[in-house]
Amino acid sequence: MKINMEQFRSAFFTEATEHLANMESGLLQLEHAPDDLDLLNSIFRGAHTIKGAAGTFGFPDVAHFTHDLENVLDQMREGSVQPNADLIEVLLRNVDTLGTLLECAKTGDAPPDCVSRVQQQLKGLLTLKPDDVPVKANISSAAGRSVRSYRVRFVPDRELFLQGSEPLLLLRELADLGEITETQVNTSALPPLAEMNPEICYLSWTLLLHTNVSQREIQDVFGFVSDTSLVEIVHVSQEISATVDDLDHKTTMSIANESDIATSTASIVATSGVDARLVVDEAERRNESERRVSSRRVNDRSVEQETVRVDCHRLDNLINVIGELVISGAMVEMEFAEWQKQSGHESQSLAHLSKTVRDLQELSLSLRMVPIAVTFQKMTRIVHDLARQLGKQIHFETEGEETELDKTVVDQIGDPLMHMVRNAADHGIETPDERIAAGKPAEGQITLRAFHQGGNIYIELKDDGRGLDRQVIRSKAIERQLIREEDNLSNQEIDNLIFVPGFSTAKQITDVSGRGVGMDVVRRNVEALQGSVSIQSEMGRGSTVTIRLPLTLAIMDGLSIGLSDDVYILPLLSVVESFRPEPQEIKRVATKGEVVVVRGEIVPLLRVYRLLNVAARVTEPSEGIVVIVENQGKKCALLVDELLGQSQVVIKNLETNFHKVAGIAGATILGDGRVAMILDIFGLMRLASNSYVDGSRPVEEKPTPTLKLTGASA
Amino acid sequence: MSQNNKSTDRSMNGQVGEDGNQFLTFQLQDEEYGIEILRVQEIKGFSRITPIPNSPRYIKGVMNLRGAVVPIVDLRVKFNLPEMEYNRFTVIIVVTVGAKVMGLVVDAVSDVLNVGANEMEETPDLGEGVDTSFMTGIAKTGERLITLLNIDKLAGTDESVAPSVVA
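Bear in mind that the values here come from a model prediction, so they are computed numbers and not experimental data.

1. A look at the overall build of chain B
Turning to step 1, where the next piece is worked out: Broken down by element type, chain B carries four helices and eleven strands.
Turning to step 2, where the next piece is worked out: Across the 167 residues in chain B, those meeting the buried criterion constitute 50%.
Turning to step 3, where the next piece is worked out: Sequence-distant contacts, at least 24 apart, represent 54% of the contacts inside chain B between residues at least 6 apart.
Turning to step 4, where the next piece is worked out: Carbon and sulfur atoms make up 49% of the accessible area of chain B, which amounts to about 7600 Å² in all.

Below is the structure:
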């Protein structure tokens, strides 16, 4: 029973968080469209649902706080309060505080002091309005809204209490919506006292509610119990409402008003044992009611959005197991092919199985895909806050929020994106005066865009601000000894220096962001997700930062290459071409090592076996194969023994049981059960450039164990 | 459950506990070592290992353990003993270190030993040149002296310890 409760609570928190996110995005949109009533209604609904559920689940702090918020929103709906930037600001802060409160309720911590301050502020908003009268009274007097009558029949699930719900709270909430003129409680299901189980809800109610809210909102009151309980809401006209009690309930009792329900319930419970009349044809009624409940449940399922919340770990386990299945399948396939060759037997059944397994894998991977919208929405808020804080005018636009990414990526891309957005708002976009002086519109423009391209996801952040100052970057990089005075760098290379660790051009680090500080963090985070980041910038015109991310972290197309007896995998996406070079195509450049000339283009040659410190059969490039690979706009040629083929590989993280290894992106398991290393192109390039700068390869500084333990047991 | 916790605690602080414990003992050269049995996941015959480039010499590589990529440490190399050709007696003891799984290559597995508290001794000071940081203690059973190993230190999961163990 306790577990049950926990389950419902966690569902409440998840849903409340979603409502909060919707409210936040709604408020941000409202700023630009203050007259959008639908928007306002949806924000109100969010607050309302949270309030109701918080009350039901026993979080009075949350419920009270939301109540005030709801009141302000309600006034906005009625038009007595006009939404403006300041009001929305306050409301946004309220939404934040509500989030904090929910967090506190979740962990059981005491809410922080700031809550009461924000609440006061909100109350201030309320009292500002002279026409503020109790919500109830407002409802019947609200102009332009007709008061309608609904007959609400509520037959709670018999196990309602076990779910942590309390019908009294729901009925009270219902009373908040309008005026309840009639209340009937049906006690027919009550068993004799001796047979009564105090944890079972035997009662049901029929109410007549006069209200100006929509049927949908009445339905919302029962949002958390509608799955299991029967709720009927029938619109009745004024004339026939008097006949509400012509229902065949011989045993119903009329109760004057809702606050009496609790006491009445108690008295019924106390007296029901002696009142034999109550149990007459009880069984029949219950049957009928159950039939209705079940038909209602079926209906619910088909109407509601069909989603199932699944624990992430379970999903990961499923994907892992399916990954295993793919590997085992490949092994079986190999053995089967061998057997077929020997026996001359022909069969297609294994091919069918393989295809099904592949489909299954694809399907399982798609389970983890979620739209990036949530992350983008956070950015909207950040820009909004920053613009206010910095006194800038920024128009923020997002595109492609529906682009789907692996959940891990969506979760982890938030931080780097935030850094980028902050940088763009703080350093990119100028103040309105500066912009006008530069002949640009006062309002700056930042666009965040996500899109698919060639098996990758791109996230692009574009601003029309001042752009990067290459002179400053260059001199800073020289000063920091990141580059040398005589180094001849392309514009793009200079721009990308801002991603180098330890680079910062900020003369003063503002509390918002230090320029360049964080950009290396951005790169590190993105690389951890097997992606890359680059920047294009034009002085005075703005910059565009582009993040490239793999579609999924779990699987990739690989090119198998051989070095000595071992197999390595190259990410196929990075491979441009491969060929056996003629001896004259290989040139030694005095200080820059070896290069390959590919159709006039000079590409540095990296000997993979040297960088990785492993054995290889081929040391003469013209006897092996060079694979031209590209990473972040830079090409290099990798010398390998041979090409073995192309395959889809399931990426296994080396960090799971070991730690990160330079030049290696991960491992995978081949069809024959062997483990193969997946090469990290960027890591290899970095290994190569380190060995060039240091004059020695770092791999030679390999630590050797010098432990002496041989005498330990002597 | 409680026993498991207790043993983990003990291995964490490297102290010999109050009461005894079970150890899996194995051979390296002509010496006998023991590791806590609760940390042993399984014992496997030697199978194909893929080398990990740019890794310390005692990391022999990684092995496919039913789909998991598990690093393999050669304890002979780690303890600076002469390396030996792997043969059909060579075994890999798969142990768990925190959330990680790794394999230890040893010459042969001997037996499972109950070591009472009175049979365990603190690691003696073996003087300069002998690193005792990954020893829990020494167990005496009859004529045998068994060096009890602290797997967490040995595997260098404790990041602050790792460099000193490796270097």
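2. Some points on the overall build of chain A
Turning to step 1, where the next piece is worked out: Per the secondary structure count, chain A includes 20 helices and 23 strands.
Turning to step 2, where the next piece is worked out: Residues counted as buried form 47% of the 714 residues belonging to chain A.
Turning to step 3, where the next piece is worked out: Considering only residue pairs separated by 6 or more positions, chain A has 71% of its internal contacts joining residues 24 or more positions apart.

3. A short note on the packing of aromatic side chains
Two numbers describe a pair of aromatic rings. These are the distance of the centres and the angle of the planes.
Turning to step 1, where the next piece is worked out: Scanning the model with the defined rule gives six aromatic pairs over all chains in all.
Turning to step 2, where the next piece is worked out: Ring centres of Phe154(A) and Trp205(A) lie 6.2 Å apart, and the angle between their planes is 20°; on these two criteria the pair is classed as stacked. One end of the pair, Phe154(A), is in strand β1 (residues 148-155); the other, Trp205(A), is in strand β3 (residues 204-211), with 51 residues separating them in the sequence.
Turning to step 3, where the next piece is worked out: Centre to centre, the rings of Phe451(A) and Tyr458(A) are 5.5 Å apart; their planes meet at 15°, and the pair counts as stacked.
Turning to step 4, where the next piece is worked out: Of the residues examined, Tyr458(A) reaches a relative accessible area of 18% and is grouped as buried.
Turning to step 5, where the next piece is worked out: These aromatic residues form a ring-pair network of at least three members: Phe26(B), Tyr33(B) and Phe79(B).

4. Focus: the environment of Glu443(A)
Residue and element names in this part refer to chain A.
Turning to step 1, where the next piece is worked out: Tracing the backbone shows Glu443 in the loop between α15 (432-437) and β9 (444-453).
Turning to step 2, where the next piece is worked out: On a C-alpha basis, the gap between Glu443 and His395 in space is 6.5 Å, while along the polypeptide they are 48 residues apart.
Turning to step 3, where the next piece is worked out: Contact partners of Glu443, with chain neighbours within four places excluded, come to Gln393, Ile394, His395 and Arg435.

5. Details of the sheet that holds strand β22 (residues 664-669) of chain A
All names here are of chain A.
Turning to step 1, where the next piece is worked out: Spatial strand order, β21-β13-β14-β23-β22: five strands in an open sheet with mixed pairing. Each edge of the open sheet carries a strand with a single partner, namely β21 (642-650) and β22. Here the average twist between neighbouring strands, direction ignored, is 35°.
Turning to step 2, where the next piece is worked out: Sheet analysis places β22 next to strand β23 (residues 675-679), joined by five bridges and oriented antiparallel. Residue Ala667 lies in a different strand from β23, and its bridge partner there is Met677.

6. Points about the side chain of Thr90(B)
Turning to step 1, where the next piece is worked out: Mapping Thr90(B) onto the fold places it in the loop between α2 (75-78) and β6 (91-97).
Turning to step 2, where the next piece is worked out: Look past the residues within four positions of Thr90(B) in its chain and what remains in contact with it is Gly45(B), Phe46(B), Glu85(B), Val105(B), Val106(B) and Asp107(B).

7. Brief notes about the pairing of β6(B)
Residues and elements named next belong to chain B.
Turning to step 1, where the next piece is worked out: Buried residues dominate β6, accounting for six of its seven residues.
Turning to step 2, where the next piece is worked out: Examined bridge by bridge, strand β3 (residues 40-45) and β6 share five bridges and lie antiparallel to one another. Note that in β6 the partner of Glu42 across the bridge is Val94.
Turning to step 3, where the next piece is worked out: In this structure, β6 lies alongside strand β7 (residues 100-106), joined through seven bridges in antiparallel fashion.

8. Describing the side chain of Thr375(A)
All names here are of chain A.
Turning to step 1, where the next piece is worked out: Structurally, Thr375 can be placed in helix α13 (residues 373-390).
Turning to step 2, where the next piece is worked out: Its relative accessible area of 3% is what places Thr375 among the buried residues.
Turning to step 3, where the next piece is worked out: Leaving out residues up to four positions away in the same chain, Thr375 has contacts with Val410, Ile413, Gly414 and Leu417.

9. Considering the sheet that holds strand β18 (residues 601-607) of chain A
Across a sheet, strands are paired by hydrogen bonds formed along the backbone, either parallel or antiparallel in direction.
All names here are of chain A.
Turning to step 1, where the next piece is worked out: Spatially, six strands are ordered β15-β19-β20-β18-β17-β16 in an open sheet, and the strand pairing comes out mixed. The strands lining the two open edges of the sheet, one partner per strand, are β15 (575-579) and β16 (586-589). Strand-to-strand, the axes of this sheet are offset by a mean angle of 35°, without reference to chain direction.
Turning to step 2, where the next piece is worked out: Strand direction decides the pairing type here: β15 and strand β19 (residues 625-631), joined by four bridges, are antiparallel. Looking across to β19, one finds that Phe579 is bridged to Val626.

10. Considerations on the environment of Pro82(B)
All names here are of chain B.
Turning to step 1, where the next piece is worked out: Counting through the fold element by element, Pro82 comes out in the loop between α2 and β6.
Turning to step 2, where the next piece is worked out: A relative accessible area of 48% places Pro82 in the partly exposed class.
Turning to step 3, where the next piece is worked out: Sequence separation of Pro82 and Gln29 is 53 residues, and the distance between their C-alpha atoms is 8.3 Å.
Turning to step 4, where the next piece is worked out: When residues no more than four places from it in sequence are discounted, the contact partners of Pro82 are Gln29 and Arg76.

11. Overview of the confidence of the model for chain B
All names here are of chain B.
Turning to step 1, where the next piece is worked out: On average, residues of chain B score 77 in pLDDT, and 77% of them are at 70 or above.
Turning to step 2, where the next piece is worked out: For chain B, per-element mean pLDDT is lowest for helix α4 (residues 162-166), which scores 33, and highest for β6, which scores 92.
Turning to step 3, where the next piece is worked out: Note that residues 1-18 has pLDDT below 50 and, in this model, 29 contacts with residues that lie over four places away or in other chains.
Turning to step 4, where the next piece is worked out: Counting contacts from residues 157-167, a segment whose pLDDT is below 50, to residues more than four positions away or on other chains yields 15 contacts.
Turning to step 5, where the next piece is worked out: In the predicted complex, the global pTM is 0.48; the interface-specific ipTM is 0.76.

12. Here we look at helix α14 (residues 407-428) of chain A
Turning to step 1, where the next piece is worked out: Along its 22 residues, α14(A) runs 30 Å from first to last C-alpha, staying within 8% of the 32 Å computed at 1.5 Å per residue.
Turning to step 2, where the next piece is worked out: The largest bend along α14(A) reaches roughly 35° and is located at Gly414(A), with the proline Pro416(A) sitting one to four residues downstream.

13. Observations concerning the packing of α14(A) against helix α18 (residues 519-528) of chain A
All names here are of chain A.
Turning to step 1, where the next piece is worked out: Where α14 meets α18, the axes come as close as 9 Å, and the angle between the chain directions of the two elements is 150°. The orientation of α14 with respect to α18, classified from their angle, is roughly antiparallel. You can see that α14 and α18 cross each other, and the crossing is left-handed. Residue-level inspection shows Ile413, Asp415, Pro416, His419, Met420 and Asn423 of α14 in contact with α18, the latter providing Met519, Val521, Val522, Asn525 and Val526.
Turning to step 2, where the next piece is worked out: Its residues assigned to classes, the contact of α14 with α18 comprises seven nonpolar, three polar and one charged.

14. A short note on the packing of helix α3 (residues 60-78) of chain A against helix α4 (residues 85-107) of chain A
Residues and elements named next belong to chain A.
Turning to step 1, where the next piece is worked out: Two numbers describe how α3 lies on α4: the axes approach to 10 Å, and their chain directions differ by 160°. Viewed along their axes, α3 and α4 adopt a mutual orientation that is roughly antiparallel. Our pair here, α3 against α4, has a crossing hand that is left-handed. Across the interface between the two elements, Asp61, Val62, Phe65, Thr66, Leu69, Val72, Leu73 and Met76 from α3 touch Leu87, Leu91, Asn94, Thr97, Leu98, Leu101, Leu102 and Ala105 from α4.

Reading guide: rules and limits
Residues numbered from 1 in each chain as written. Chains lettered and ligands numbered in written order. Predicted model: local features only at pLDDT ≥ 70, side-chain atom pairs only at ≥ 80, totals over all residues. Heavy atoms only, no water. Helix = DSSP H or I, 4+ residues; strand = E, 2+ residues; numbered from the N terminus. Buried < 20%, exposed > 50% of the residue type's maximum accessible area, 1.4 Å probe, protein only. Contact = heavy atoms within 4.5 Å. Areas by Shrake-Rupley, 256 points an atom, 1.4 Å probe, with all protein chains shown as cover. Phe/Tyr/Trp six-rings, centres within 6.5 Å; stacked < 30°, edge-to-face > 60°. Pairing = 2+ DSSP bridges. Axes fitted to C-alpha atoms, helices over the stretch in contact; angles between N-to-C directions. pLDDT = per-residue confidence, 0-100. Expected span 1.5 Å × (residues − 1). Bend = angle between axes of the 7 residues up to and from the residue. Parallel < 35°, antiparallel > 145°, perpendicular 65-115°, else oblique. Left-handed = near helix turned anticlockwise from the far one by under 90°. Nonpolar A, V, L, I, M, F, W, Y, C, P; charged D, E, K, R; others polar.

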